[in-house]
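Given next are the chains, with one letter for each unit.
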Amino acid sequence: MRVTRFLCLALPLLAMSACKKAGEPVAGGDIPIGEFASMSGATASFGQASHKGTQMAIDEINASGGVLGQKLRLITEDDQSRAGEAATVVRKLIAREHIVALLGEVASSRSLEAAPICQQAGIPMISPASTNPKVTEVGDNIFRVCFIDPFQGTVLSKFALSKGWKRVAILTDVKQDYSVGLSQFFKNHLGANGGEIVSEQSYSSGDKDFKAQLTAIKGAQPDAILASGYYTEAGLIALQARELQISAPLLGGDGWDSPSLVEVGGKAVEGSFFSNHFSASDPSPAIQAFLKKYREKYNSEADAMSALGYDSAMILADAMKRAGTTKGDALRNAIANTHGFSGVTGQITINAQRNADKSAVMLEVKEGKFSYVETVAP
Ligand code: PHE
């Protein structure tokens, strides 16, 4: 320690490199920003969509001069949708790439793997789309730009009750913190408001056969079924439910938002409803302009994850500008002070729990499209 201090004082030139802290960008160089995403594997559509949105924001920021005179450099790591892999790639981004901030992930379980690592390293992390409340509870370096599941569960329960669906069955993916939480929050609200959970069934991510659970659900004669997991299984669940002559409507959360839901589920998902962060059919100029730019850049349609990925990078750049620095506590505090930022997914204010208070939308699967039903304010 003494020797280092001596060197720093005595040899200013050497000191510049010897005393440089990890995470500090080289003056005049690029600002390294990490991103971890499921670019491959079971939920690849999540990672690819959020990455495209994130990259589009970074490209736009750089095209308009970057941040504080420097360009942003997005370094993306694929966690392959695999448990354990998120921690590995995030450690690598911090140790080898000296990132100043981390963007990601979509899936709550993987954000929960990375959050303690960022918290300990003092690297701000912004999740675009992880809605489980535990993610930001990890510590004061962890943020998100989306709503959380106690709200989403309430939105879904209120919607079910408004349709007169009081007797609801629940099918939960026990391997996903997101699904477990969403089912619980839905159950709490429905139970406290005159509804009843008539059957509670579970499965594990990757399962393909849901007949046993659905047979039990059929026996309980529910008015509706909440499938609180991801689209990967929701499409199959819908198909098998219809095969078993179950006609009750299906309900889901934001984890349903993928074109694959319809590709897999086909007619079986028609007439189902799910809550989401935004609707592509929303005429809002911000949303329509975003969709157009995205289409031009990628020749594909943006979904909620693309829009949230875009917003997460824009919020980070905005905080850097307000902080007047690209790193450390000043950057963290600036992210925490985000107030009324006009994002594609709405006005974003980071609250005291480092979550965003935002509206949700209900969508219906209609003729293979996700059609807008209503907006629900927090
Ligand atoms: N909210 C989900 C989770 O926390 C992820 C997700 C977000 C999926 C948006 C689809 C769309 O795991």
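Residues numbered from 1 in each chain as written. Predicted model: local features only at pLDDT ≥ 70, side-chain atom pairs only at ≥ 80, totals over all residues. Heavy atoms only, no water.

**Student:** Teacher, can you tell me more about the site of the ligand here?
**Tutor:** Neighbouring the ligand are 13 residues; Ser108, Ala129, Thr131, Tyr230 and Asp254 lie closest to it. In the environment of the ligand, a nitrogen atom lies 2.8 Å from a nitrogen or oxygen atom belonging to the side chain of threonine 131. Residue tyrosine 230 places a side-chain N or O atom 2.6 Å away from an oxygen atom belonging to the ligand. In isolation the ligand exposes 320 Å². Once the protein is present, 100% of that is buried. Among the cavities detected, the one that contains the ligand is the largest cavity. Two domains share the shell around the ligand, each providing at least three of its residues, namely domain 1 (10-147 + 301-358) and domain 2 (150-276). (Near = heavy atom within 4 Å. Polar contact = N/O pair within 3.5 Å; in protein donor to acceptor, adjacent residues only side chain to side chain. Areas by Shrake-Rupley, 256 points an atom, 1.4 Å probe, with all protein chains shown as cover. 1 Å grid on protein atoms, 1.4 Å probe; cavity = no way out; pocket = protein on both sides within 12 Å on 5 of 7 lines; lining within 4 Å. Sits in = over half its atoms within 2 Å of the grid points. Domains from an automatic or database assignment.)

**Student:** I keep staring at the side chain of threonine 54 and nothing clicks. Help me out?
**Tutor:** Position of threonine 54 among the secondary structure elements: in helix 3 (residues 44-63). Threonine 54 gets classed as buried once you look at its relative accessible area, which sits at 2%. Within the local environment of threonine 54, its side chain forms a polar contact with the backbone oxygen of glycine 309, the two atoms lying 3.4 Å apart. (Helix = DSSP H or I, 4+ residues; strand = E, 2+ residues; numbered from the N terminus. Buried < 20%, exposed > 50% of the residue type's maximum accessible area, 1.4 Å probe, protein only.)

**Student:** Hey, could you run me through empty space enclosed by the protein in this one?
**Tutor:** In this approach, a probe sized like a water molecule rolls over the atoms, and the result shows the empty space that is left. By the definition in use, this model includes 2 cavities of 30 Å³ or more. The calculated volume of the largest cavity comes to roughly 120 Å³. As for the largest cavity, its lining consists of 17 residues, and the residues nearest its centre are Val106, Ala129, Asp254, Gly255 and Met305. It is helix 13 (residues 304-323) that contributes the most residues to the lining of the largest cavity, 3 residues altogether. Its residues assigned to classes, the lining of the largest cavity shows 9 nonpolar, 6 polar and 2 charged. Formed jointly, the lining of the largest cavity draws a minimum of three residues from each of two domains, domain 1 (10-147 + 301-358) and domain 2 (150-276). Taken together, Glu35, Phe36, Ala37, Ser50, Thr54, Leu103, Gly104, Glu105, Val106 and Pro128 make up the lining of the second largest cavity. The element that contributes the greatest number of residues to the lining of the second largest cavity is strand 1 (residues 31-37), accounting for 3 residues. (Points joined across faces, edges and corners; volume = space filled by probe spheres on them. Nonpolar A, V, L, I, M, F, W, Y, C, P; charged D, E, K, R; others polar.)

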